[in-house]
Amino acid sequence: MWKATFGGGVHMYDGKELTKDKPTTVLLPKGELVFPMQQHIGAPARPVVAVGDQVLVGQKIGEASAFVSANVICSVSGTVKAIEKRLTVTGATCDSIVVENDGEYKSVEGFGEKRDVTGLSKQEIRQLVKEAGIVGMGGAGFPTHVKLTPKRDDAIDFVIVNGAECEPYLTSDYRMMLEQPEKIVGGLKIILSLFEKAKGIILIEDNKPEAIAKLSELVKDETRITVKTAKTKYPQGAERQIINVATGRKINSAMLPADAGCVVNNIDTVISVYMAVAESTPLIRRIVTVTGDAIAEPRNFSVRTGTQYSELVEAAGGFKVTPQKVISGGPMMGLALFDLNLPITKTSSALLAFAKDDAAAMPTSACIRCGRCVAACPSRLVPQKMMEYAENFENEGFIGIDGMECYECGTCTYVCPAGRRLTQAFKQTRRSILDERRKK
Amino acid sequence: MKNLWNVSASPHIRSKVTTAVIMWDVVIALTPAALFGVYQFGFRALLILILSMTSCVLSEHCYRKWMKKPGDGYECSALVTGLLLGMNLSVNVPYWIPVLGGVFAIIVVKQLFGGLGQNFMNPALAARCFLLISCAKPMASFGVEKAASGDTARLLMAGAAAVDGVSAATPLAAIKAGETASLSDMFFGFTGGTIGETSAVLLLAGGIYLLVKKVISIRIPAAYLLTFALFMGLFGGHGFDPGYLAMQLCGGGLMLGAFFMATDYVTSPITPMGRIVFGVFLGILTGVFRVFGGSAEGVSYAIITGNLLVPLIEKLTMPRSFGKGGKANV
């Protein structure tokens, strides 16, 4: 059977069998919780509590400071211990609110109350999503209320739920599709009510047959929603690729999904929308896959934002061997960590610990021009030539061959038989070009 | 502080296919045809292959050592060059020919231009052409198949094919001179020729192995062979006679060239469209050389000429990036 997919990409060992059959466990935090004010793309949130304040579950402690920004919601009850710079997964520090957990989980009034979604106006839905501090939970963290507010609602033809989960090792979206499929459909219906002309597409890769079966069964009577199966391949879950796979449309780096009549949301984001709108529960938890060959008992956790990564490792039985590399996120686009005293944020999808660091074990040798990078690039670029420009700091040439269309998925580096650090060089070049543009 | 974790930019995982793995795959794919050459032409053919490979690997090793250049796995690519060079030589060449060819291929064509990935011509073919021009006499005599001992196996492989003695001339030269040759012999390889080029079927099998292992893409060989067949049909003087076209496809260095040398990574275009353009160009050029040229052969010269055009072809065939031309409008 022909299955939809995109040009380029690669199917690598995905390591999902480590965690895909393990039910999600709820993990309650033990120590202090840290809430960085920047957990999203856009302007950082502004703290609206002071040191010493009592805070409750569901209370807004950071307020969106611009249109493209997001609220930060407290996930426990307790006392604000400090507002100070704390280290985040990026390796940089960020203004953060530190809360001492009192362990009682007292919540704000109305928290968790069921709400009838049918009577809500578009304005009310958008306001609820905004208040809940929901951002894209696939990794980029783009504020969801901004996504849901295009210039014209009737220009949106498709609302795509991204269930590709193409990053190896990650199974958090998969577990959600199995455990809370009705919330996914419910969330999608809420989003569809904003865009009267749109059709809903839930796109899932064919390595998750049970999820496909479950969701297909659930939407079989829905006229506006379909489940679409795609051939498993990385980076299918990238926004530009998933739009292409689901609708055949193409966008480039200068365009937004809305320009192609699409709104794309990750599985956990759609669940969060449902919880915010129908269950009065703002974004205070996320599903995190804790896995890798150095983890004693790999599995998925439903964990409150602000919890320390170290508590996750502990709950997963600790390290069975000393890891060489620890990563926040997937192995293709995740960030390597040097410390575990970091908070889980809205965009923390996974914690990986590898006994052996593939990247360090692979020596770099001369390019043999095999063309694997060209064949694998989902953006249809020529990484080999981009690398020549990047190595010589020729930014103009790099831009000239559309190097800025690269979104750093890492596929070229993964396939390179000479172990060349292509993506890494492109990151550097792209940053330097963006910096130059900013200065102008 | 001994338990520090590694920190580096993503991606954090790597494919297991390394340069050395690829080079070994090419060696594996070439082995059946090379072994057939040894079976066909005898022990001397094996010696030539070994001399050629040793010369290449030693040249690579010594050059890198003396020039104090680091390099892991470089010898694997030299091994491929040596094997290809040996397979492109006649069994009758003096022993110093493969040695000289190997030194020329590695030192002059490859290392002096910057080593692996930097040579602008296929080293094995450049060396072969260098030898053809510089040592014309020893290079001109082609091996005759060993008739007596090969009969049984040959009958097994070729079915009931007629057992004719083949003259010292290659079948292509015979066809060009107006004589006939046996297609099945050419297909299975019971003909004269260089050590590795005779058995079209084993070269094809090696090519398919490389395609299945995704070491090469189908673009260059397919474009090359199809264009060449079309050209020979139009200008070969025999029309689209299937027998004639099949003989032209099986004859000479075409199969070896199309699957193993035109697809050489370093000296072929990296762009998908460029690979098709390159294949078409080689097909036409090989046809021109075979039909209008003085020799019955043309593959080697066609490929090294094509190699020179690679930068230009790449420049003209850069792929269109994803979503290019799309406009932000809503």
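Keep in mind that this is a model prediction, so the values were computed, not measured.

Conventions we followed
Residues numbered from 1 in each chain as written. Chains lettered and ligands numbered in written order. Predicted model: local features only at pLDDT ≥ 70, side-chain atom pairs only at ≥ 80, totals over all residues. Heavy atoms only, no water. Disulfide = S-S within 2.5 Å. Buried < 20%, exposed > 50% of the residue type's maximum accessible area, 1.4 Å probe, protein only. Phe/Tyr/Trp six-rings, centres within 6.5 Å; stacked < 30°, edge-to-face > 60°. Helix = DSSP H or I, 4+ residues; strand = E, 2+ residues; numbered from the N terminus. Lys NZ or Arg CZ within 6 Å of the ring centre and 35° of its normal. Domains from an automatic or database assignment. Contact = heavy atoms within 4.5 Å. Buried area = accessible area lost by both parts, 1.4 Å probe. Salt bridge = Lys/Arg side-chain N within 4 Å of Asp/Glu carboxyl O. Polar contact = N/O pair within 3.5 Å; in protein donor to acceptor, adjacent residues only side chain to side chain. Nonpolar A, V, L, I, M, F, W, Y, C, P; charged D, E, K, R; others polar.

Novice: Before we move on, can you summarise the state of the cysteines with the specific residues and values?
Specialist: Cysteine pairs can be linked by a disulfide, which is a covalent bond between their two sulfur atoms. On inspection of all chains with the given rule, the structure shows zero disulfides over all chains. Looking at A:Cys406, it has no disulfide partner, and the nearest cysteine sulfur is the one in A:Cys412, 6.4 Å off. As a non-bridged cysteine, B:Cys56 has B:Cys62 as the owner of its nearest cysteine sulfur, 12 Å distant. Judged by relative accessible area, which is 0%, B:Cys56 ranks as buried.

Novice: Account for the packing of aromatic side chains, with residues named and values stated.
Specialist: Summed over the entire model, instances satisfying the criterion amount to 10 aromatic pairs over all chains. Each ring, one from B:Phe104 and one from B:Phe130, has its centre 3.8 Å from the other, and the planes form 5°; the classification is stacked. Of this pair, B:Phe104 sits in helix α4 (residues 96-110) while B:Phe130 sits in helix α5 (residues 123-134), and the two are 26 residues apart along the sequence. Chaining the aromatic ring pairs together yields one cluster made of A:Tyr13, A:Tyr169 and A:Phe354. Sitting above the plane of the A:Phe6 ring, A:Lys233 keeps its charged end 4.7 Å from the centroid. Taking the ring centre of B:Tyr95 as reference, the NZ or CZ of B:Arg44 above it sits at 4.3 Å.

Novice: Describe the domain arrangement of chain B, with residues and values.
Specialist: Residue and element names in this part refer to chain B. Domains assigned within chain B are domain 1 (19-140) and domain 2 (216-316). Using C-alpha coordinates to define each centre, domain 1 is positioned 22 Å away from domain 2. Facing 20 residues of domain 1, the contacting portion of domain 2 comprises 13 residues. Here domain 1 meets domain 2 over a buried area of about 1,400 Å², counting both sides, of which 75% is carbon and sulfur. When the buried surface of domain 1 facing domain 2 is broken down by residue, Met121, Asn122 and Leu125 rank first, second and third, together holding 32% of it. Inspection of the region where domain 1 meets domain 2 yields zero salt bridges. Counting every contact that joins domain 1 to domain 2 gives three residue pairs in polar contact (both at pLDDT 80 or more). At the level of elements, α1 (19-41), α3 (74-87) and α5 are the ones that each hand at least two residues to the side of domain 1 that touches domain 2. Broken down by element, the side of domain 1 that touches domain 2 gets its largest block of residues, seven residues, from α5. In the side of domain 1 that touches domain 2, the residues fall into 14 nonpolar, five polar and one charged.

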